[in-house]
Amino acid sequence: MPTGLTATAQSSSQINLTWIASTDNVGVTKYNIHRNGAYLTQVGGSVTSYSDTGLTPSTFYSYYVIAYDADGNYSPQSTSASATTLTSSTGTGGGTTTS
């Protein structure tokens, strides 16, 4: 299971995610990233970060990550992390939350 997931608002339209890699006896081949409970995208098994772009200013987003191995097995979802994008006019607001 991926651990240490953090979400950090980078701008009014971008949130950066980072996590600690999962380990598996077969080898992690990919991570599925979910935003607000829905599938967002997939990254390779050696990747431990993702920049979510094209977001709406001053909006709360929540994320979790699931690891998959070469045999098709998947981990429980990570703990969630959330952030609010910055306001578009001032570049302030937002922040980071992990749970």
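One structure accompanies this document, and this report is about it.

**A short note on the pattern of salt bridges**
Working definition: two side chains of opposite charge can pair if their charged atoms are close together. Inspection of every chain in the model, using the stated rule, returns 1 salt bridge. Asp52 is the salt-bridge partner of Arg35, the closest N and O atoms lying 2.9 Å from each other. Here Asp52 lies in strand 5 (residues 49-53) and Arg35 lies in strand 3 (residues 28-35), a separation of 17 residues in the sequence. Since its relative accessible area comes to 2%, Asp52 is described here as buried.

**Examining the packing of aromatic side chains**
According to the stated counting rule, one finds 2 aromatic pairs in the structure shown. Aromatic pair Tyr68 and Tyr74: ring centres 5.7 Å apart, planes at 40°, arrangement tilted. The class of Tyr68 is buried, set by a relative accessible area of 18%. By relative accessible area, Tyr74 is classed as exposed at 60%. Taking the ring centre of Tyr68 as reference, the NZ or CZ of Lys30 above it sits at 5.0 Å.

**Thoughts on the nonpolar core**
Formed by 16 residues in total, the largest nonpolar core has its most connected members in Ile15, Leu17, Trp19 and Tyr63. Listing elements by their share of this core, those giving two or more residues are strand 1 (3-9), strand 2 (14-20), strand 3, strand 6 (60-69) and strand 7 (81-84). No other element matches strand 6, which puts 4 residues into this core. Filtering out sequence-adjacent residues up to four positions away, Trp19 remains in contact with Pro2, Thr3, Gly4, Leu5, Tyr31, Ile33, Val43, Val47, Thr48, Ser49, Tyr50 and Val65.

**A closer look at the side chain of Ser78**
For Ser78, the position within the fold is in the loop between strand 6 and strand 7. Owing to a relative accessible area of 3%, Ser78 belongs among the buried residues under this scheme. Excluding its chain neighbours within four sequence positions, the residues that come into contact with Ser78 are Met1, Pro2, Leu5, Tyr64 and Val65.

**Things to note about the environment of Ala67**
As for its position among the elements, Ala67 is in strand 6. Given a relative accessible area of 4%, Ala67 falls into the buried group. Ala67 sits 37 residues away from Lys30 along the chain, and the two C-alpha atoms are 6.0 Å apart. Residues within four places of Ala67 in sequence aside, it is in contact with Pro2, Ser22, Val28, Lys30, Tyr31, Asn73, Tyr74 and Ser75.

**Examining the pairing of strand 1**
Note: strand 1 against strand 2, 5 bridges, orientation antiparallel. Each bridged residue has a counterpart across the sheet, and for Thr6 the counterpart in strand 2 is Thr18.

Rules of the game
- Residues numbered from 1 in each chain as written.
- Predicted model: local features only at pLDDT ≥ 70, side-chain atom pairs only at ≥ 80, totals over all residues.
- Heavy atoms only, no water.
- Salt bridge = Lys/Arg side-chain N within 4 Å of Asp/Glu carboxyl O.
- Helix = DSSP H or I, 4+ residues; strand = E, 2+ residues; numbered from the N terminus.
- Buried < 20%, exposed > 50% of the residue type's maximum accessible area, 1.4 Å probe, protein only.
- Phe/Tyr/Trp six-rings, centres within 6.5 Å; stacked < 30°, edge-to-face > 60°.
- Lys NZ or Arg CZ within 6 Å of the ring centre and 35° of its normal.
- Core = buried A, V, L, I, M, F, W, Y, C linked by side-chain atoms within 4.5 Å.
- Contact = heavy atoms within 4.5 Å.
- Pairing = 2+ DSSP bridges.

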